[in-house]
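Read off the chains here:
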Amino acid sequence: MGMHKFQFESWPPSEEEKPADATPKRSLDEHLQAQQKEQKQQDPEDDEDLESTVGDFSKAPDEDDLKPFDDVSTVTAATVKTANTSGASSVEENLSEPVDDPRTRERMHECVINTMEAYIMVFTHPQKTNLACEMALNCTTQLIQRGYFSGRAGGVDDLTGSGPSHRETPAEDKPDPSLLHRLMVACQKCGESSKDTVQSNCITCFKTIMESPKCSAHEASMLLAIRSIFHIFLVTKSEECQKAAKKCLMQICTNIVRRMEESPLKQNSLFYTDAYYLMRSLVKLSAKELQGIDDKAVTAANFLTRQIFTTNTVDPLALSNKVLSLELICQIMECAGDLFCSGEKFVHMVQAQLCVALLKNCMSNHTQVAFISQKTFLFLVYKFKTHLKDEIQIFMTNIFLRVLHSDNSSFAQKALVLESLRSLCNDPVLLTQIFLNYDCDFDSMNLYKDIVFHLTKLSGKSTAQPTSTLSKKDAEEHFELSLAAVEVLVSILHTFLKALGMPASNHKEINDTAGSKIRGILGLKDVGRFKSQQVEQLVLTELDELDESFVNISRSNSTTSLENASSQLADQIVHAFDRKRNAEQSFEVGSIRFTLSLKSGLKYFIDNGFVTLDAKEIALFFLENKDKLDKTQMGEVLGKEPDACFVKTPDVEAEKGGSGFFLRILQHYTEALDFKDLMFDDAIRLFLSGFRLPGEAQKIDRIMEKFAERFTHQNPGVFPNADTAFILAFSVIMLNTDLHNPSIKPERRMTLEGFQKNNRGIGENGSDLPADFLAGIFERIKKSPFSLKEDDAARAAAEVMETSFFTDSTLFGASAEERKREKFEKEREEMMTATAQLIRRRRGKANASEKNLSDSVAPADVVKPMMDVTWGPLIGIMSQVLESSSDERSIRVCLNGFVYAIRVVSHSDMSLARDTFVNSLAKFTFLGSIKEMKFKNIEAIRTLMNIAVIDGEYLGESWGPVLQCISQLARMRMAASGLDSDESFLQQQESKAPKRSTKTFGDGFFANQQQAKAVQTKERTEMNERAILESFSEQLIDGVFSSTVKLSARSLGHFIQQLVTVSRTELEGDSKRSITGVKSSSANDGSTHGEDGPSIFSLQRLVDVADFNMDSRPRVIWTQVWEIMADFFAEIGCHTNLMVSVFAIDSLKQLSSKFLEKPELSETRFQRTFLKPFLLIIENPRTPDTNRELILQCIDQMVSTKAHNLQSGWKILFDILMVASRDSSEKIMVQAINILQRLLDQHLDQLCRLPSSKTSDEEDTKEDEEDGELSASYIRNRNSTAEDFVLMCRASLSFVQQDNTESRFPIGVSMRALCHSAIYADLIAEGRILPPISGSQTEDRSKHGYTYADLSEKESLEMVLWRPILEGLAAAAKSTAPSQAGGVGCLIQRGSILALRAILLRHGYLFSNRQLSAVLQETIVPSFSEAAKNDVSPVVSITSESPAMSSLDFLGKPLPLPPAMDDDGLLKFEQVARSMDWYVVML
């Protein structure tokens, strides 16, 4: 079919352009619809067969079979060469049905087929033009997009020559490839054009084919499309075309992986095979070394030559090839799902090929290559963590951490590693699983701990003094790296907060300043951050799934709650971590002991279970821990005498510590090494790498003898016997010493001839060993001496010190930078070699993919043990940076770190860490010191204040430094504002004696110095005060105390306790003491403790806090908090400074008045607790009379204004009055009795209140009301009222003077108190005061309910009210207070007897016979008897009160006995009396 038959015009033609006999446009559509309908009728269950008949690729074709785009030289190939696969299982050949989309099998219209054939001819014509190709590509794209074209190319669905079924068919017998495949090959030819429009259309065409549901391109055809676009990306000169090609490749790779994940056929789908082929090809392509970047290390001598005589030796196409392949791998890893991450083929490929490729590229000298490789590695860590546990550990330790540790690695390499760690540390799931899988695993290293350690070490370099040899650029780079390391450490804390679900202000502009600057320097801004939004969403999803799993656990098991499940997991974590940490700490102790004494250390290891007393186990223990134990001591153990023993007990086997024990250890140690197929000197090198040879020749003989035996046994063909090996080994040791001993001059060192001469005749039958054999040993020893790692490190450090003075000079054109590069190239080669060996060694081992503890642990449960590892190094480096740095970025990052750390440790209940962080931050405020305040100090204060407001709930006992800083802040603000300080206002004026002049010779000079220093200190202090005043407002300070209403009761208790401590310090006169507790003011060097005078700032704030929280908290909680404050107020109320004590008492009065505004619940005793400080103050003998009077005034005001709300507080008031009654001051005594008198006159009803009814105020049942049962509240109120009444009676009668003291009471006070007793008796008689319902007792007089014994319950309860009155009067009757005449017969005795007589006469009828008997026997008779016994004064006069006889008649003769009860006179008198009105009234 010739080209002349076709016209290149758009399809389909317009109506005007169509010929008369042209087929209408709808004919093609009808043709397609008819075909689809026919196909459905013939094969209605085709969709079901699609899944059932899919083939299974047990082994993919070899790379050479499909010619993947793994070489730049082959990207221009026009066709795909198919060949036979070898050594692998192939596609199942017996598939009867295709497995691709049924739409790919739709028959095309003949016109479409002919058109496509024509376009193929256009694409492949040797004289094609760009315009023709462009139009043909455009038309092809339109036909595919509109669904007119369908077909298959590659894969088991393709039964043509392009399918896998004809791979083994000879070329001459192979059928033609499918139309789609031939079209793709033709498009590839067209893509070789240099015209950008043709290239762009070619990209669009391939993209349309790969995305069309009617075009099925798999395996080789799929790789063909990708390779073609890849080629365009490499050779195009158009930037837009290059971007389009890259975008297209990304989209195609993403679609392939997503289709594989979404396919219901899983591993049997064609997309699974496509993804595997694609991934394998990209990995192979990315693994190719680039000349000039990935080549071996060069020496310093030829490095300059290469720079001078060569330009950029890197092939730009090869570099772009590698970069794009890595980006595509990264894109595939980013969108990979469960099927990709768990597929056996993919897992094996990642372990065996991708890890090795990433190893090479992560250490590349090209920044973008290393960047993308490390980014890809992070995706591996996230998605293949269960399969790559060992590989991850190898990468992190041998690559990432060694780059950070090396002094020779470049700025770009360190920066990329830091960016990788930043991304890793920003992921809560990854970070916690690293800790779980490594730090909590006995068989793994402490990977998380090592990450923190290396970050901390790098961070500390910013605080080191920069050397003069560093250029400005190098110094800036060093600083940015150190700051970036600090930012990564802070990001760990931010991640902890995210894991705990706590608020964490995401200050990206602060925590990523150095990181963003470094990315700008390296040109990585456009590349973006490592962690994509998709992965971050996956992290959040995984966290949500963990939370949901815990919820499901709690729902499914009713007996196990979420808290219990989480607690159990946390306990397991802490237990595993603690076990490993304790074992490591014990091992360190044992290592130190072993270094000091081998027997002591060995015994420690045995006693602590590290090893048993067995020679073989100890030998293996030494071999396993050879890098941790002292190698000198290990050499001593292996070289011990043959009969040396460890256990001196006789008859003990050599294997168990007996004689020959150490020789057996040497034997087992040697047998554990493998010398097979090693060079003789390499075997010695391996043997001596684990210990240091002892200095004694006999010990060396024994050690090398065992080595010779082992080497000869494993290499029988090298030496005729072990003696030859022994002699040569000893000679080699001597050669090594002779060649590399610095004390031996070079001209006197051993030569090759001398070495050969020394070893003549040691062969079989006196023959010589081969000269070449000895020469090889000599040369290798000369080039590389036997040395230990420790010696190599020490030697390298010494060389650095020696050459540090010549770093600016050049030696043969090699500068310091070149030597540094050369050293790192050597390190890089060692790292890559060691890592590759470990990875290859790992291939044969199965990964532990089963789910362990880390799969079911929420990150929040791991934060505490992880923080336990982190906080020590973290606070050290942040404090170091704050101490030495003046850079604002560093300061802000560190202060953010303090905020995050305090929040984490406080939430995790790590009190020691919390206190340490808060104290350290408070120290950097410089408050209270004489140092000049700078920006960092102001910001530290601001940070501390924010912590107090936001995180105060978790500060606990750490409130102390915070409140101390606030106290200093307020003092400095007041001083700067010009107001009088508390010290000057409260400082008492004391008389000062004139000081005697002690001035001597030389004092003038020192005085001038001190005066100048004082002036300087004063100026600095004033400058600091002004800075504080300008930076902080009073509202900021008030906000700390007003925010206490949001604290819990426990946190509020801690706050008040620390505020009390700070206030106590202020009141002692130490308000100028610095945060560290050191006196800061040097202006008064001779001042004593407390000379500055007290300050009441914190005391005022304590009152404010009490005022804020009193009404906002339940009384139960507030009472617990008040107990802390009450003791302090009681203490301060007795302060020696009158102004302070008055302020404390006045504050108590104000708080009490507010507290008493609310009535007290009947079942509580809160008022007693709140008013108790008044009692404690007035009871203190150090309290001055002024304060006692003030307390009584406060009590008087409470009674006058708050008596209606007083309930349990009456007890404290009466106790205070009782204390005042014993006061030596007449004024206080009178003031107290007046208070009591006003209480009786004005507020008696409020004290003696009775319940309105005997039933409960609450709703009681009708049965209870009918039975007259008393409610609990009624009983409680009645008992309480009776108790208060008894206390009032005792308080009144306490004013009656009973003892003969020096301070005599005013007689009027005692008389008034005696009069009160009559009022109390009347109240009882009138029924205004009812006896208690329960609670009577006869044991303790001081407790409530004290009554007489041997009475009925009712009688006992009645006498609870009477007994304090009767006993008070009876006690006054036996008063020993002298009268004015000097005798006992004073008015107090007489008045008390009269009062007692009056009560019995007026109310005696209320008592029963048993009650009267008890009163006489226990109260009246004993008191009168004692009064009579104490009365030794002469009788002045005797007066009779009876009108029937004189005052002396009753003394002459005894009175007659009273008449009998049935006397006629008495009976008659009774009749008369009953008829009188007064008798009736009395009854």
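Fair warning: this is a prediction, and the values are worked out from it, not measured in the lab. (Residues numbered from 1 in each chain as written. Predicted model: local features only at pLDDT ≥ 70, side-chain atom pairs only at ≥ 80, totals over all residues. Heavy atoms only, no water.)

A. Local environment of the overall build of the chain. Looking only at helices and strands, the chain has 61 helices and two strands in total. Counting over 1483 residues, the chain shows a buried share of 49%. The long-range fraction of contacts in the chain, counting pairs at least 24 apart against all pairs at least 6 apart in sequence, stands at 75%. (Helix = DSSP H or I, 4+ residues; strand = E, 2+ residues; numbered from the N terminus. Buried < 20%, exposed > 50% of the residue type's maximum accessible area, 1.4 Å probe, protein only. Contact = heavy atoms within 4.5 Å.)

B. Highlighting the packing of aromatic side chains. Summed over the entire model, instances satisfying the criterion amount to 44 aromatic pairs. Judged by centre distance (6.0 Å) and plane angle (65°), the ring pair of F587 and F621 falls under edge-to-face. Linking F587 in helix α24 (residues 562-596) with F621 in helix α26 (residues 615-624), this pair joins segments that are 34 residues apart in sequence. Here F587 matches F621 in class, with each residue buried. What links up through ring pairs into an aromatic cluster is the set Y669, F675, F680, F687, F691, F707, F711, F719 and F773. It is K628 that lies over the ring of F587; its NZ or CZ is 5.6 Å from the centre. (Phe/Tyr/Trp six-rings, centres within 6.5 Å; stacked < 30°, edge-to-face > 60°. Lys NZ or Arg CZ within 6 Å of the ring centre and 35° of its normal.)

C. Local environment of the pattern of salt bridges. According to the stated counting rule, one finds 42 salt bridges in the structure shown. Note that R422 is salt-bridged to E419, the shortest N-O span being 3.4 Å. Within this pair, R422 and its partner E419 are both found in helix α17 (residues 411-425), separated by three residues, close to a single helical turn. E1283 is paired through a salt bridge with R1168; the nearest N and O atoms lie 3.4 Å apart. On the criterion of sequence distance, the pair formed by E1283 in helix α54 (residues 1272-1293) and R1168 in helix α48 (residues 1166-1179) is long-range, its members being 115 residues apart. For the pair formed by E1283 and R1168, the shared burial category is buried. Connected via shared salt-bridge partners are R973, E1034, D1038, R1101 and D1104. (Salt bridge = Lys/Arg side-chain N within 4 Å of Asp/Glu carboxyl O.)

D. Region of interest: the confidence of the model for the chain. Mean pLDDT over the chain works out to 76, with 73% of the residues at or above the 70 mark. Of the regions scoring below 50 in pLDDT, residues 1251-1267 engages in 18 contacts with residues more than four places distant in sequence or in other chains. (pLDDT = per-residue confidence, 0-100.)

E. Expanded view of the side chain of S731. Mapped onto the secondary structure, S731 falls in helix α31 (residues 722-740). Taking the relative accessible area as the measure of exposure, S731 reaches 13% and is therefore buried. Residues within four places of S731 in sequence aside, it is in contact with F755 and N759.

F. Spotlight on unusual backbone geometry. One non-glycine residue, D677, lies in positive phi territory at about 65°. Mapped onto the fold, D677 is located in the loop between α28 (661-671) and α29 (680-688). Although it is not a glycine, D1350 sits at a positive phi angle of roughly 60°. Positionally, D1350 belongs in the loop between α55 (1307-1326) and α56 (1353-1373).

G. Local environment of the packing of α54 against α55. Running from N to C, α54 and α55 cross one another at 160°; their axes reach a closest spacing of 8 Å. It follows from the interaxial angle that α54 and α55 lie roughly antiparallel. Helix-helix and strand crossings are classified by hand; for α54 and α55 the assignment is left-handed. Between α54, through F1285, M1288, C1289, S1292 and L1293, and α55, the contact on the second element is made entirely by A1313, H1316, S1317, Y1320, L1323 and I1324. Its residues placed into classes, the contact of α54 with α55 shows eight nonpolar, three polar and no charged. (Axes fitted to C-alpha atoms, helices over the stretch in contact; angles between N-to-C directions. Parallel < 35°, antiparallel > 145°, perpendicular 65-115°, else oblique. Left-handed = near helix turned anticlockwise from the far one by under 90°. Nonpolar A, V, L, I, M, F, W, Y, C, P; charged D, E, K, R; others polar.)

H. Structural context of helix α30 (residues 697-714). Across its 18 residues, α30 extends 26 Å between first and last C-alpha, which sits within 8% of the 26 Å expected from 1.5 Å per residue. Regarding α30, the residues found buried are K699, I700, R702, I703, M704, K706, F707, A708, R710, F711, T712 and Q714. Elements in contact with the buried residues of α30: α27 (631-638), α28, α29 and α31. (Expected span 1.5 Å × (residues − 1).)

I. Spotlight on helix α12 (residues 316-335). If you check α12, its first and last C-alpha atoms are 29 Å apart, about what 20 residues at 1.5 Å a residue would give, namely 28 Å. With 16 of its 20 residues buried, α12 lies for the most part within the structure.

J. Focus on the state of the cysteines. Enumeration according to the criterion identifies zero disulfides in this entry. A disulfide-free cysteine, C330 has its sulfur positioned 9.9 Å from the sulfur of C335, the nearest such atom. Under the relative-accessibility criterion, C330 is labelled buried at 4%. (Disulfide = S-S within 2.5 Å.)

K. Geometry of the environment of L497. With respect to the helices, strands and loops of the structure, L497 is situated in helix α20 (residues 472-500). Filtering out sequence-adjacent residues up to four positions away, L497 remains in contact with M502, P503, A504, Y900, R903 and V904.

L. Examining the environment of A708 more closely. With respect to the helices and strands, A708 occurs in helix α30. The buried category is assigned to A708, whose relative accessible area is 0%. Placed 28 residues apart in sequence, A708 and F680 show a C-alpha to C-alpha distance of 9.8 Å. Residues in contact with A708, not counting those within four places in the same chain, are A722, A725 and F726.

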